[in-house]
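Summary of the model geometry
For reference, the chains in residue letters:
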Amino acid sequence: MKYPKAVVFDLDYTLWPCWCDVHIELPIKNHRPDEIVDSYGYKLKLYKDVPGIIKELKDNGVTIISASRTPTVHIAKELISHIKIDNIPMKDYFHSSQWGTGSKTRHIKNAAKELGLEKELANGEFILYDDEYRNKDVNSIGCKFVYLRDTDYGLTRELFEKGLKEYN
Ligand SMILES: [Mg+2]
């Protein structure tokens, strides 16, 4: 099975089980390398299948992009700096991180431009995994959309592979 050129991930309820504008109070610190604790003692780590999926994409040379509409960008940035995958901060796995409220068509177009992948985007070589159906509008710019529907575990291996199958 072939990997796409780029995989785009939403953050809240796709990679981790929280809304960072609602659940997290700064400052945060590491409880363990892969788990943070916030100032109220709330602990957070990635959904169970996520670290393996991100490592697999990295190992296969796939471009990894984050795209978040969170209003609290500074908190999300703290999370991706602190949460580690194999002792590497997850932010270092992302070739581009895109932020801001509004349509993710803008996030993804910006990332493609930044990374010189505009042709690949137009050719349908991007996939977005996201738990919010409204973000399906990225189809209009050539990005495939995988809706993480009715999942208690965010991005699962099953949904990840479903996206790859649709791409192939
Ligand atoms: Mg989300």
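- You'll find the protein entered in an unreviewed UniProt entry as Magnesium-dependent phosphatase, with [Candida] jaroonii given as the organism.

1. A look at the sheet that holds strand 5 (residues 63-68)
- Reading across the sheet, the five strands line up as 8-5-1-9-10 and stay open at both edges, with parallel pairing between neighbours. Only two strands of the sheet have a single partner each, and these edge strands are strand 8 (96-99) and strand 10 (144-147). On average, adjacent strands in this sheet sit at an angle of 20° to one another, irrespective of strand direction.
- Lying on the sheet, helix 3 (residues 104-115) is in contact with strand 1 (6-9), strand 5, strand 8 and strand 9 (126-130); it crosses strand 8 at an angle near 150°.

2. Focus: the coordination of the magnesium ion
- Ligation of the magnesium ion by protein atoms is provided by Asp 10 (OD), Asp 12 (O) and Asp 131 (OD), these donors lying 2.1 to 2.2 Å from the ion.
- Ordering the donors of the magnesium ion by residue number gives the pattern D-x1-D-x118-D. Placement of Asp 10 in the loop between strand 1 and strand 2 (29-32) and of Asp 131 in the loop between strand 9 and strand 10 is noted, with a sequence separation of 121 residues between them.
- Relative accessible area serves as the criterion here: at 5%, Asp 10 is assigned to the buried category.

3. Comments concerning the pattern of salt bridges
- Using the criterion set out here, one finds 11 salt bridges in the structure.
- Notably, a salt bridge pairs Lys 91 with Asp 92, separated by 3.3 Å at the nearest N-O pair.
- Classification of Asp 92 as partly exposed rests on a relative accessible area of 47%.
- Several salt bridges share partner residues, and in doing so they unite Asp 10, Lys 104 and Asp 130 into one network.

4. Details of helix 1 (residues 50-59)
- Along helix 1, the positions that sit buried rather than exposed are Val 50, Ile 53, Ile 54, Glu 56 and Leu 57. Looking straight down helix 1, one finds its buried side chains confined to an arc of 160°; they lie on one side.
- Close packing links the buried residues of helix 1 with strand 1, strand 5, strand 6 (84-85) and helix 5 (157-167).
- One or two positions beyond helix 1, positive phi appears at Gly 61, with a value near 70°.

5. Structural notes on the sheet that holds strand 4 (residues 43-45)
- Strand order in the open sheet formed by three strands is 2-3-4, with antiparallel pairing between adjacent strands. The sheet is open, and its two edges are formed by strand 2 and strand 4, each paired on a single side. The sheet shows a mean angle of 40° between the axes of neighbouring strands, direction not considered.
- Inspection of the sheet shows strand 3 (residues 35-37) paired to strand 4 by three bridges, in the antiparallel sense. The residue bridging Ile 36 from the neighbouring strand is Leu 44, located in strand 4.

6. Focus on helix 5
- What helix 5 keeps buried is the set Leu 159, Phe 160, Gly 163, Leu 164 and Tyr 167. Down the axis of helix 5, the buried set is contained in an arc of 145°. They therefore lie on one face. Exposed residues pointing more than 90 degrees away from the buried face of helix 5 are listed as Glu 158 and Lys 165.
- Buried residues in helix 5 make contact with helix 1, strand 9 and strand 10.

What counts as what
- Each chain carries its own residue numbering, running from 1 in the written order of its sequence.
- In keeping with the predicted nature of the model, local features appear solely for residues at pLDDT of at least 70, side-chain atom pairs appear and are counted solely at 80 or more, and the whole-chain, interface and lining totals rest on all residues.
- Note that water and hydrogens are dropped before the side-chain values are worked out from all heavy atoms of the structure.
- Pairs of strands are assigned from DSSP output, requiring at least two bridges between the strands.
- Strands here mean DSSP runs of E at least two residues long; helices mean DSSP runs of H or I at least four residues long; both are numbered from the N terminus.
- Between the N-to-C directions of two axes lies an angle of 0 to 180 degrees, each axis being a line fitted to C-alpha atoms and, for a helix, fitted only over the stretch in contact.
- Any two residues whose heavy atoms approach within 4.5 Å at even a single point are treated as in contact.
- Any nitrogen, oxygen or sulfur atom within 2.8 Å of a metal ion counts as a donor, with the limit raised to 3.2 Å for Na, K and Ca, and since water is left out, coordination shells can look unfinished.
- Exposure is judged per residue with a 1.4 Å probe applied to protein chains only, and the accessible area is read against the type maximum: over 50% gives exposed, under 20% gives buried, and values in between give partly exposed.
- Think of a salt bridge as a Lys or Arg side-chain nitrogen and an Asp or Glu carboxyl oxygen that are within 4 Å of each other.
- The arc in question is formed by the directions pointing from the helix axis toward the C-beta atoms.

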